[in-house]
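Examining the three-dimensional arrangement
Residue strings, one per chain:
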Amino acid sequence: METKEKGSYKAHVLVLPFPAQGHITPMLQFCKRLVSRGVKTTLVNSIYVSKSIHVDDLNSSINVEAISDGFDEGGWAQAESPEAYLTKFCAVGSRDLANLVKKLDDAGRPVDALVYDGFLPWALDVSKEFGLVGAVFFTQSCAVNNIYYHVHKGLLSLPLSDSTVSIPGLPPLEPWETPSFVYIYGSYPGFYHMVVNQFSNIDKADLVLFNNFYELEKETVDWMAKLWRVKTIGPTLPSMYLDKRLEDDRGYDINLFKPKSAMCMNWLNEKPRGSVVYVSFGSMAEIDAEQMEEVAWGLKESMFYFLWVVRASEEAKLPEKFTDDVSERGLIVTWSPQLEVLAHESVGCFVTHSGFNSVLEAISLGVPLVTMAQWTDQGTNAKYVEDVWGMGVRTRQDEKGIVRRRVLELCIREVMEGQKGKEIKENAIKWKNLAKEAVDEGGSSDKNIDEFVAELIRP
Ligand code: UDP
């Protein structure tokens, strides 16, 4: 075995995200914060992801490796079910991850710690096998994870039977405000198993990391901190959007879809301040065709400018000739540079599916929200946006589960120009400042990352 490149770095951390955009992004961003503290990082992608990503000037100080998830040709979409995907990833991934640790060791770059995605709890066993520090990384909110923890422990029995769900550290929730896998018991059993199983071995993890900041979910963090060594380390937006201390941290670097950057930014540049409604439902949600039509007409009838992300796989659901009909006021793209868009002064509000990354981005950039939760954790995030953080309004669905065009239009109006909109905007600015403070020197997340790094340095 070669000797470690002594003195050139403090420790070597492997970072293993679940292979999806909303997981790779925050974990890669976390790598950058570690690198800035003299830690060597290696991001581990699945072979399929590593073949399909668009890498924009990935910070060269982050190493990238790939392991198999068992579906090298098509990833998640190639598996016949979520269960089949997760089972195979566990078997093949454990073996490949162990081989990677050995390979790095043999190459004189021994690994000190493994930061693994909560969706991949088997990775902790690999870290223990090699005596590494094992830190689980959650990309969803503390509230959502606390609900799953309570389900895992049997402290919240399913199907839900009471009209109010009470979980320590959380406000009382109505059943529909809990994650869809909890509220609609039996829906998507594979996903349900994945989110609940995150807690199967958490007591053995050395650290529990959240892409979040303490001030945002204090009560829940404090409660969880009684169980585990919890550290909030986010928001993991590029430094140049927040504290501006890492000059080369300007973007997310890895995109699973190619953004129409010039088209979006040129279009936004021509619009007045605060006049545009930005609409995106993230990288995964498949919107019901009827819902898509309601969104289309709601945007048109609201009379605001709008920039709407409709992924290529969703485009066929747009009403016929809609794109041409609205070309005076609306721009529809298959993927946007979302951070740049949210940071642009023309954007007045964000109609979002409330994926946690999108919500954190809006919080960090002070953009008011209109939420249209679709599934998984989004309904709980939306509850917090409206009732806890006060930085947006929730659209309500009808009995068919559809948000009607008029409902969407009224919510957009309320945020863009209504009385409540003023208060929402003030709160959005308040959260933006707190997010920046958290990652700034001496802030809660900054200190937590320092403490994490200090633990990696072995005598
Ligand atoms: N995103 C983007 N361009 C788009 C839409 C989304 O860059 O047109 C990014 C967005 O900034 C966020 C991620 O994709 O970082 C979506 O993550 P989120 O957790 O919000 O939703 P998910 O895709 O996991 O449902």
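The shown structure was predicted, so the numbers you read here are calculated from the model rather than taken from an experiment.

Reading guide: rules and limits
Residues numbered from 1 in each chain as written. Predicted model: local features only at pLDDT ≥ 70, side-chain atom pairs only at ≥ 80, totals over all residues. Heavy atoms only, no water. Near = heavy atom within 4 Å. Polar contact = N/O pair within 3.5 Å; in protein donor to acceptor, adjacent residues only side chain to side chain. Areas by Shrake-Rupley, 256 points an atom, 1.4 Å probe, with all protein chains shown as cover. Helix = DSSP H or I, 4+ residues; strand = E, 2+ residues; numbered from the N terminus. Pairing = 2+ DSSP bridges. Axes fitted to C-alpha atoms, helices over the stretch in contact; angles between N-to-C directions. Phe/Tyr/Trp six-rings, centres within 6.5 Å; stacked < 30°, edge-to-face > 60°. Buried < 20%, exposed > 50% of the residue type's maximum accessible area, 1.4 Å probe, protein only. Disulfide = S-S within 2.5 Å. Contact = heavy atoms within 4.5 Å. Core = buried A, V, L, I, M, F, W, Y, C linked by side-chain atoms within 4.5 Å.

1. A few points about the site of the ligand
Residues in close proximity to the ligand total 17 residues, the closest being S283, S336, N357, S358 and E361. Separating an oxygen atom of the ligand from a side-chain N or O atom of Q338 is a distance of 3.3 Å. Here the ligand has 540 Å² of accessible area as a free molecule, and 93% of this is covered by the chains. Those elements that place two or more of their residues in the shell around the ligand are β10 (276-280) and α13 (356-365).

2. Focus: the sheet that holds strand β12 (residues 330-333)
Sheet architecture is open: six strands sit in the order β12-β11-β10-β13-β14-β15, paired in parallel fashion. One side of each edge strand has no neighbouring strand; the edge strands of this open sheet are β12 and β15 (392-394). Sheet twist, expressed as the mean angle between neighbouring strand axes with direction ignored, is 15°. With three bridges connecting them, strand β13 (residues 347-352) and strand β14 (residues 369-371) associate as parallel partners. Residue pairing for β14: T352 is matched across the bridge by T371.

3. Things to note about the packing of aromatic side chains
Considering all chains together, one arrives at 31 aromatic pairs under this definition. Plain terms: the ring middles of F18 and W76 are 5.9 Å apart, the flat faces sit at 75° to each other, and that makes the pair edge-to-face. Placement of F18 in the loop between β1 (12-16) and α1 (21-35) and of W76 in the loop between β4 (62-67) and α3 (82-106) is noted, with a sequence separation of 58 residues between them. The exposure class assigned to F18 is buried, which follows from its relative accessible area of 6%. The interplanar angle of 80° and the centroid separation of 5.9 Å between the aromatic rings of Y185 and Y192 together place this pair among those described as edge-to-face.

4. Some remarks on the state of the cysteines
This model, assessed by the stated rule, comprises zero disulfides. Cysteine C349 shares no disulfide, and the gap to the nearest cysteine sulfur, in C411, comes to 9.8 Å. The exposure class assigned to C349 is buried, which follows from its relative accessible area of 0%.

5. Some remarks on the sheet that holds strand β2 (residues 40-46)
Pairing in this open sheet of seven strands is parallel, and the strands run β4-β2-β1-β5-β6-β7-β8 from one edge to the other. Strands at the two margins of the open sheet, each flanked by one partner only, are β4 and β8 (230-232). Each strand axis lies, on average, 25° off the axis of its neighbour in the sheet, ignoring direction. Where strand β5 (residues 113-117) meets strand β6 (residues 133-138), five bridges bridge the pair, whose relative direction is parallel. The residue bridging Y116 from the neighbouring strand is V136, located in β6. Strands in contact with α1 are β1, β2, β4, β5, β6 and β7 (207-210); relative to β2, the strand with the most contacts, it is inclined by about 165°.

6. Digging into the nonpolar core
Counting 98 residues, the largest nonpolar core has L14, L16, L97, L307 and W389 as its most contacted members. Top contributing element to this core by residue count: α3, with eight residues. Dropping the residues within four chain positions of it, L97 is found in contact with L14, L16, I67, L114, W122, A123 and V126. Within the second largest apolar cluster, 30 residues are counted, among which are F281, F306, V310 and C411.

7. Considerations on unusual backbone geometry
In the segment running from L158 into P159, the intervening peptide bond is cis, with an omega of -5°. Along the polypeptide, P159 turns up in the loop between α5 (142-152) and α6 (180-183). Looking along the chain, the bond that leaves G234 and enters P235 is cis, with omega of 0°. Assignment of secondary structure puts P235 in the loop between β8 and β9 (254-255). Although it is not a glycine, Y188 adopts a positive phi angle of roughly 45°. A positive phi is found at M303, a non-glycine position, where the angle reads about 70°. With respect to the helices and strands, the residue M303 is situated in the loop between α10 (289-302) and β11 (305-309). For M303, a relative accessible area of 56% gives the class exposed.

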